[in-house]
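Close look at the chain arrangement
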Amino acid sequence: MADFNSSFFTLGTYDAGTGIFTATADSVAGVNDTTDNEPVGGGQPGDTTFEVGDNLTITGANGGGGQYIGHTGDGFVAQQGGNFFFYSNSAVTQNDELPIDTGDFAVCFAAGTLIATPDGERAVETLKIGDLVMTAEGRTVPVKWLGRQTLSTMFGFPEGRRPVCVSAGALGERLPVRDLRVTATHALLIDGVLVHAGALVNGTTVRRIPKNELGERFVVYHIETENHDIVLAQGAPAETFIDNVTRERFDNYAEYQALYGLAPVAMEELQQPRAMSYRQVPVAIRSRIATAAAALAPAREEVG
């Protein structure tokens, strides 16, 4: 059975047609523990995760029975009777619109992404437990675990879940220094805000990667450190993995269990605000991305 602890709950509406959850009030602080009532079986990835239609038992500040609808960022939407609630570890405000993903998701880097280390850049897939990586602040921290997940596009892949390519220079200040490929929910630190890559998509300098580039199967990786850190990926500040229910969906989750057990100490999330959708991205950051896109336009035209 899957179990997830959240720090906030938010009342809202959910439009199944558009997949949008709209907050009708500000988030309320209140710890809730959510458990699905589905039996674990088969030992396959997903057996211990929330899946669409799972019946949930929620205990705590806004407890009760419910049904899992989908997730976004660090939380999920549940229907309780005629009401919809977003349970999360980050607060949202009234009228925020959150795109809800009803499929699996991961927070990780594509193979080949170069990560800064004290000895130079290393491809993410070559890192091992204990290797040192550089943080954006200039510290060195050891890799606690390197997660790996194989994703398939054979049976379709929802638009909102497709990985994102952030072109070299798309963030301004010549960052990233090379094209950066990450999952849509992976956050980059821009002007003090953790912005999900999917929230930056403009169709040119930041684009969703089409199936013909992904192939039928592709592998993604995540770096976990002792704390929630900001590392340098292709030169750009990017978050490390923050522990939540999705860790169980990685191919090598059994390795994590063997090393650290079933109930690791909860990790404290970074304090910077998080923008999970375009609407939440500050205007100054939108302008920064647009300015960088305009500057890169001549080069794109030459390539075209």
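Residues numbered from 1 in each chain as written. Predicted model: local features only at pLDDT ≥ 70, side-chain atom pairs only at ≥ 80, totals over all residues. Heavy atoms only, no water.

**Section: the overall build of the protein**
Along the protein, the regular secondary structure elements total three helices and 22 strands. Residues classed as buried in the protein amount to 50% of the 304 residues present. A sequence separation of at least 24 residues applies to 62% of the contacts in the protein between residues at least 6 apart. About 13500 Å² of surface is accessible on the protein, with carbon and sulfur atoms providing 53% of the total. (Helix = DSSP H or I, 4+ residues; strand = E, 2+ residues; numbered from the N terminus. Buried < 20%, exposed > 50% of the residue type's maximum accessible area, 1.4 Å probe, protein only. Contact = heavy atoms within 4.5 Å. Areas by Shrake-Rupley, 256 points an atom, 1.4 Å probe, with all protein chains shown as cover.)

**Some points on the pattern of salt bridges**
Per the stated rule, a full pass over the model turns up nine salt bridges. Asp229 is the salt-bridge partner of Arg139, the closest N and O atoms lying 3.1 Å from each other. Of the two residues, Arg139 sits in the loop between strand S12 (132–134) and strand S13 (140–152) while Asp229 sits in the loop between strand S19 (217–225) and strand S20 (230–233), which places them 90 residues apart along the sequence. By relative accessible area, which is 6% here, Asp229 ends up buried. In this structure, Arg274 engages Glu239 in a salt bridge whose closest nitrogen and oxygen atoms are separated by 3.0 Å. Taken together, the residues span a long stretch of sequence, with Arg274 in strand S22 (residues 274–275) and Glu239 in strand S21 (residues 236–239) at a distance of 35 residues. Here Arg274 and Glu239 have matching classes, each one buried. When salt bridges with common partners are traced through the structure, they connect Glu137, Arg139 and Asp229 into a single cluster. (Salt bridge = Lys/Arg side-chain N within 4 Å of Asp/Glu carboxyl O.)

**Considerations on the pairing of strand S10 (residues 114–117)**
In the case of a regular strand, side chains alternate between the two sheet surfaces. Relative to strand S11 (residues 120–123), S10 runs antiparallel, the two being bridged by four bridges. For Ala116, the partnering residue across the bridge sits in S11 and is Glu121. Between the antiparallel neighbours S10 and S11 lie two residues. (Pairing = 2+ DSSP bridges.)

**What to know about the packing of aromatic side chains**
Summed over all chains, the structure comprises 11 aromatic pairs. For the ring pair Tyr14 and Phe84, a centre distance of 5.9 Å and an interplane angle of 50 degrees mean the geometry is tilted. In this pair, Tyr14 sits in strand S1 (residues 3–15) while Phe84 sits in strand S7 (residues 83–88), placing the two residues 70 residues apart along the sequence. With a relative accessible area of 17%, Tyr14 lands in the buried category. Here Phe84 falls in the buried class, since its relative accessible area comes to 16%. Where Tyr253 meets Tyr256, the ring centres are 6.5 Å apart and the plane angle is 10 degrees; that geometry is what we call stacked. One end of the pair, Tyr253, and the other, Tyr256, are both in helix H2 (residues 253–260), three residues apart, so they sit about a helical turn from each other. Residue classification places Tyr256 among the buried residues on the basis of a relative accessible area of 1%. (Phe/Tyr/Trp six-rings, centres within 6.5 Å; stacked < 30°, edge-to-face > 60°.)

**What about a nonpolar patch on the surface?**
Judged by side-chain polarity, Ile129, Leu259 and Tyr260 come together as a nonpolar surface patch covering roughly 250 Å² of accessible area. Among the secondary structure elements, Ile129 is positioned in the loop between S11 and S12. (Patch = residues over 30% accessible without salt bridge, like charges linked within 9 Å, V, L, I, M, F, W, Y side chains within 5 Å.)

**Some words on the side chain of His228**
Position of His228 relative to the elements: it lies in the loop between S19 and S20. At a separation of 3.3 Å, a polar atom in the side chain of His228 contacts the main-chain carbonyl oxygen of Thr240. At 3.2 Å, the side chain of His228 forms a polar contact with the backbone nitrogen of Leu270. Contacts of His228, omitting those with residues within four sequence positions, involve Glu239, Thr240, Phe241, Ile242, Met267, Glu268, Glu269, Leu270 and Arg274. (Polar contact = N/O pair within 3.5 Å; in protein donor to acceptor, adjacent residues only side chain to side chain.)

**Quick look at the pairing of S21**
The alternating pattern of S21 places Ala236 and Ala238 on one face and Pro237 and Glu239 on the opposite face, and all of these are buried. Judged from the four bridges that link them, S20 and S21 form a sheet pairing that is antiparallel. Paired with Ala233 across the strands is Ala236, a residue of S21. Where S20 folds back onto S21 in an antiparallel hairpin, the turn is made up of two residues, including Gln234, whose phi is positive at roughly 55 degrees.

**Thoughts on the side chain of Thr135**
Along the chain, Thr135 turns up in the loop between S12 and S13. Once you skip the residues sitting within four places of it in the chain, Thr135 turns out to touch Val141, Asp229, Ile230, Val231 and Leu232.

**Digging into unusual backbone geometry**
The omega angle of the peptide bond from Leu175 to Pro176 is -15 degrees, so this bond is cis rather than trans. Summarising the element assignment, Pro176 is placed in the loop between strand S14 (164–166) and strand S15 (180–182). With a phi close to 80 degrees, Asn95 is a non-glycine residue in the positive phi region. Take Asn95: its relative accessible area is 44%, and that puts it in the partly exposed class. Backbone geometry at Arg174 places phi at a positive 60 degrees, although glycine is not the residue there. Take Arg174: it is sitting in the loop between S14 and S15.

**Some remarks on the confidence of the model for the protein**
Taken over all residues, the pLDDT of the protein has a mean of 83, while the share at 70 or more is 83%. The secondary structure element of the protein with the lowest average pLDDT is helix H1 (residues 211–214), at 73, and the one with the highest is S12, at 97. (pLDDT = per-residue confidence, 0-100.)

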